[in-house]
Amino acid sequence: MASNNYSGNAIPFKVQVSFEIPIFEGQINVDAVDKWLNLLEGYFSVDEFLIWEMIVFALLKATPHIKDWWETYCEQKNESTCSLFLATPTWDSFQDAIKEQYYPVKSYEDKYIKWTMLQQGRDQDVPEFTNIFHTLHT
């Protein structure tokens, strides 16, 4: 009788997930930026990436002028090692920079204020409030 490492009749399975991540074209639009970043976050939560790989992958899923903008942004921040393949910034700092650049003026600040002043409405259920909280927090 052959033995296996699994208890009982449990057989391990592998789930394959497919993500359709569109090319971000650099439009000044909160919804477009958030949707693109959220799709990337979902992809990164399934596959393990190093931080610099996340940034490189994101730049590959954007039009070439965004890569150029990112390199210029890094140079202005005096992060000389912030080239495409030697990125030292964090994923969070990359996301913040993208939002700062591609959110409409004051939109980033407005979202932060909404998040810090967020209160559950009288007729608002907990899942709806939690969803708004997490959306604004991200």
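Presented here is a report on the structure given in the accompanying data block.

What counts and how
- Residues numbered from 1 in each chain as written.
- Predicted model: local features only at pLDDT ≥ 70, side-chain atom pairs only at ≥ 80, totals over all residues.
- Heavy atoms only, no water.
- Helix = DSSP H or I, 4+ residues; strand = E, 2+ residues; numbered from the N terminus.
- Buried < 20%, exposed > 50% of the residue type's maximum accessible area, 1.4 Å probe, protein only.
- Contact = heavy atoms within 4.5 Å.
- Areas by Shrake-Rupley, 256 points an atom, 1.4 Å probe, with all protein chains shown as cover.
- Patch = residues over 30% accessible without salt bridge, like charges linked within 9 Å, V, L, I, M, F, W, Y side chains within 5 Å.
- Salt bridge = Lys/Arg side-chain N within 4 Å of Asp/Glu carboxyl O.
- Core = buried A, V, L, I, M, F, W, Y, C linked by side-chain atoms within 4.5 Å.

## Regarding the overall build of the chain
1) Next: In terms of helices and strands, the chain carries 6 helices and 0 strands.
2) Next: Across the 138 residues that make up the chain, the buried fraction comes to 30%.
3) Next: The contacts of the chain with a sequence gap of at least 6 include a subset with a gap of at least 24, amounting to 62%.
4) Next: About 10,200 Å² of surface is accessible on the chain, with carbon and sulfur atoms providing 54% of the total.

## Observations regarding the side chain of Asp 34
1) Next: Positionally, Asp 34 belongs in helix 1 (residues 30–46).
2) Next: Apart from residues lying up to four places away in sequence, Asp 34 is in contact with Lys 99, Tyr 103 and Lys 111.

## With respect to the environment of Val 33
1) Next: By the secondary structure assignment, Val 33 is in helix 1.
2) Next: Look at Val 33 and you get buried, because its relative accessible area is 0%.
3) Next: Between the C-alpha atoms of Val 33 and Tyr 103, which are 70 residues apart in sequence, the distance is 7.3 Å.
4) Next: For Val 33, the contacting residues outside a window of four places in its chain are Phe 24, Gln 27, Ile 98, Lys 99, Tyr 102 and Tyr 103.

## Quick word on a nonpolar patch on the surface
1) Next: On the surface, a nonpolar cluster with roughly 360 Å² of combined accessible area is contributed by Tyr 112, Ile 113 and Met 117.
2) Next: With respect to the helices and strands, Ile 113 occurs in helix 5 (residues 107–116).
3) Next: Since its relative accessible area comes to 41%, Ile 113 is described here as partly exposed.

## Some details on the nonpolar core
In a soluble, globular protein the nonpolar side chains are often hidden away together inside.
1) Next: Trp 36, Leu 40, Trp 70, Trp 91 and Ile 98 are the most contacted members of the largest nonpolar core, which has 25 residues in total.
2) Next: Here the element with the most residues in this core is helix 1; it accounts for 6 residues.
3) Next: For Ile 98, the residues in contact, after removing those within four places along its chain, are Val 33, Trp 36, Leu 37, Ile 66, Trp 69 and Tyr 103.

## Some thoughts on the pattern of salt bridges
Side-chain pairing between opposite charges can occur once the charged atoms of the two side chains come close.
1) Next: Per the counting criterion, the structure on display carries 1 salt bridge.
2) Next: Note that Lys 67 is salt-bridged to Glu 71, the shortest N-O span being 3.3 Å. One end of the pair is Lys 67 and the other is Glu 71, both in helix 3 (residues 64–76) and 4 residues apart, which spans about a single turn.
3) Next: What makes Lys 67 partly exposed here is its relative accessible area of 26%.

## Quick word on the side chain of Gln 95
1) Next: With respect to the helices and strands, Gln 95 occurs in helix 4 (residues 91–102).
2) Next: The exposure class of Gln 95 is buried, given its relative accessible area of 7%.

The values are spatial; any link to function lies outside them.
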